Amino acid sequence: MGSFNLKVLFFPLAIIFLIHFSEHSHVEAKIDGFTTDLISWDSPRSPFYNQSETMYQRLQKAFRRSILRGNHFRAMRISPEDIQSEIISGGGAYLMNVAIGTPPFPMFGIADTGSDLIWRQCLPCDECYKQEEPIFNPKKSKTYKTLSCDNDFCQALGQQSSCGDDNVCTYSYNYGDQSFTKGDLSSDALTIGTTEGEPASFRGLAFGCGHSNGGTFNEKQGGIIGLGGGPLSLVNQLSSEVGGQFSYCLIPVSSDSNASSKISFGRSGAVSGSRTVSTPLIKGTPDTFYYLTLEGMSVGSKRVEFNSKNKYSPAAAEGNIIIDSGTTLTMIPQDFYNDLESALASAIGRETSTDPSGYFSLCYSSVSNLEIPIVTAHFTGADVKLQPLNTFIKVQEDLVCFSVIPAPDIAIFGNLAQMNFVVGYDLTENKVSFKPTDCSNH
């Protein structure tokens, strides 16, 4: 049992790469890798910080985004041939500030682990939404070029690509909230700032140069940065340069914390050492997602087997759960959830309370003396011990709720469950590793 820590209740709802660029300072990235600071969307250091909102108002928005994102993931698994119609344009939980072009031209966009394509607004605009930062002019970049229709990246777009008269590959994405982006599939240099001081530059990054974009995009963002598992994502395009490895360490953010989360690429992103556990990364459809196999969960010493009757997250099947840093809550099938909640409520042995928002079914008031047991997630070959900060969240004063919810036809291991772990992805060895860490000091 562990006492619930009231100071460690908030989390990174969204993250920004904090970087600094100069025209002549970027260098080619080395296989040794690099690390970048991450800033929470709701941190006072973020341009998205809304001083008028309370922490609990921000949490409610994050919970709603999780449910929408879960619906999007479920639709992609059920109908992989028609995935774009269900995508929410602002569905990602992170923001990134990188730069594209030579000289580097900053881009502030949604970093989405549920998407693959990287795109940004480009001049000339046939139709562009209003954005605060200048719109990228490809004519001013020395390294910009359009990609031909027979390019492998163009082929990877599938139904979202077409071929113009000049043999330039064009793309078209239509999102479920009526947002859209259309333009030329292109390539250019990508620059990412590092904590080591020297920004790292990568040549020939494929991205969508959007000349027609509109809908619900925020004026502070300049596009979307895909971090999924498909061939067009940032992670896979940098795979040869960084050895197919990246990791992140997400901190629980309290009002008195000045620490930043971190993301590392290459050898800097390797996860090893004592208490590290690893589980196979499973190939699935669509290949955008990162799939693991969850065999069950334990409440203290009582084990609950993964129990599901639906065909999209079947019990004991390989790849039955998606790990996603962009979804706040963890979601599991209803049958499994019922057994897990029952075991947890029995172990806590306290009178439950009602969540006024209706998001959660297991909640407790009088939290100061609440004893919460360790919950262990049993992945294939890896037992990940979740502390109270990973499994319960304070949703209002004097009310905490179990941050796992039931969901139809989908299972997602969300970012609350990943806080204070170094979570490493090795796309060469096809494994995901977990190492418990105080991310505030990582």
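Quick note: structure is the one above.
Here's a quick rundown of the structure. This structure is a prediction, so every number in the text was calculated from the model and none was measured.

Calculation notes
Residues numbered from 1 in each chain as written. Predicted model: local features only at pLDDT ≥ 70, side-chain atom pairs only at ≥ 80, totals over all residues. Heavy atoms only, no water. Disulfide = S-S within 2.5 Å. Helix = DSSP H or I, 4+ residues; strand = E, 2+ residues; numbered from the N terminus. Buried < 20%, exposed > 50% of the residue type's maximum accessible area, 1.4 Å probe, protein only. Pairing = 2+ DSSP bridges. Axes fitted to C-alpha atoms, helices over the stretch in contact; angles between N-to-C directions. Polar contact = N/O pair within 3.5 Å; in protein donor to acceptor, adjacent residues only side chain to side chain. Contact = heavy atoms within 4.5 Å.

Counted under the stated rule, the structure contains six disulfides. Through a disulfide, Cys249 is tied to Cys439; the S-S separation comes to 1.9 Å. Taking the sign of the torsion about the S-S bond as the criterion, the disulfide between Cys249 and Cys439, at about -85 degrees, is left-handed. Taken as a pair, Cys249 in strand 14 (residues 245-249) and Cys439 in the segment after strand 31 (431-436) lie far apart in primary sequence, 190 residues in all. Its relative accessible area of 1% is what places Cys249 among the buried residues. The disulfide bridge from Cys363 ends at Cys401, spanning 2.0 Å between sulfur atoms.

Strand order in the open sheet made by the three strands is 22-27-26, with antiparallel pairing throughout. Pairing within the sheet leaves two strands with one partner each, and these edge strands are strand 22 (363-365) and strand 26 (392-396). On average, each strand axis in the sheet is tilted by 30 degrees relative to the strand beside it, whichever way the strands run. Where strand 26 and strand 27 (residues 399-402) come together, four bridges link them in antiparallel fashion. Looking at strand 27, one finds that Ile393 is bridged to Cys401.

Let us look at the environment of Asn420. If you trace the backbone, Asn420 turns up in the loop between strand 29 (412-413) and strand 30 (421-426). Classification of Asn420 as buried rests on a relative accessible area of 19%. As for Asn420 and Ile251, which are separated by 169 residues in sequence, their C-alpha atoms are 5.7 Å apart. Reaching out from Asn420, the side chain makes a polar contact with the backbone nitrogen of Cys439 at a distance of 3.2 Å.

Moving on to the pairing of strand 30. Every other side chain in a regular strand lies on the same face of the sheet, so the side chains alternate between the two faces. Taking burial as the measure, the six residues of strand 30 include six buried ones, the bulk of the element. Residues of strand 30 alternate between two faces, with Phe421, Val423 and Tyr425 on one and Val422, Gly424 and Asp426 on the opposite face, all of them buried. Looking at chain direction, strand 14 and strand 30 are connected through five bridges and run antiparallel. Residue pairing in the sheet places Tyr248 in a bridge with Val423 of strand 30. Here strand 30 runs beside strand 31; their pairing, made up of six bridges, is antiparallel. Bridging from a neighbouring strand, Asp426 pairs with Lys431 of strand 31. What sits between strand 30 and strand 31 in their antiparallel hairpin is a turn of four residues, with Asn430 showing a positive phi close to 55 degrees.

Let us look at unusual backbone geometry. The residue after Thr102, namely Pro103, is reached through a cis peptide bond having omega 5 degrees. Of note, the bond from Leu123 into Pro124 is cis; its omega dihedral lies within 30 degrees of zero at -5 degrees. Its location among the elements puts Pro124 in the loop between strand 7 (119-121) and strand 8 (145-146). Positive phi is not limited to glycine here, since Asn167 has a value of about 65 degrees. Here Asn167 shows up in the loop between strand 9 (161-163) and strand 10 (169-174). When its relative accessible area of 38% is taken as the criterion, Asn167 is described as partly exposed. The phi torsion at Arg275 lies on the positive side, around 70 degrees, for a residue other than glycine. Here Arg275 shows up in the loop between strand 15 (261-265) and strand 16 (277-280).

Its place among the elements puts Ile282 in the loop between strand 16 and strand 17 (291-292). In this structure the C-alpha to C-alpha distance between Ile282 and Glu318, which are 36 residues apart in sequence, comes to 6.9 Å. With sequence-adjacent residues up to four places away left out, Ile282 is seen in contact with Tyr291, Thr293, Glu318 and Gly319.

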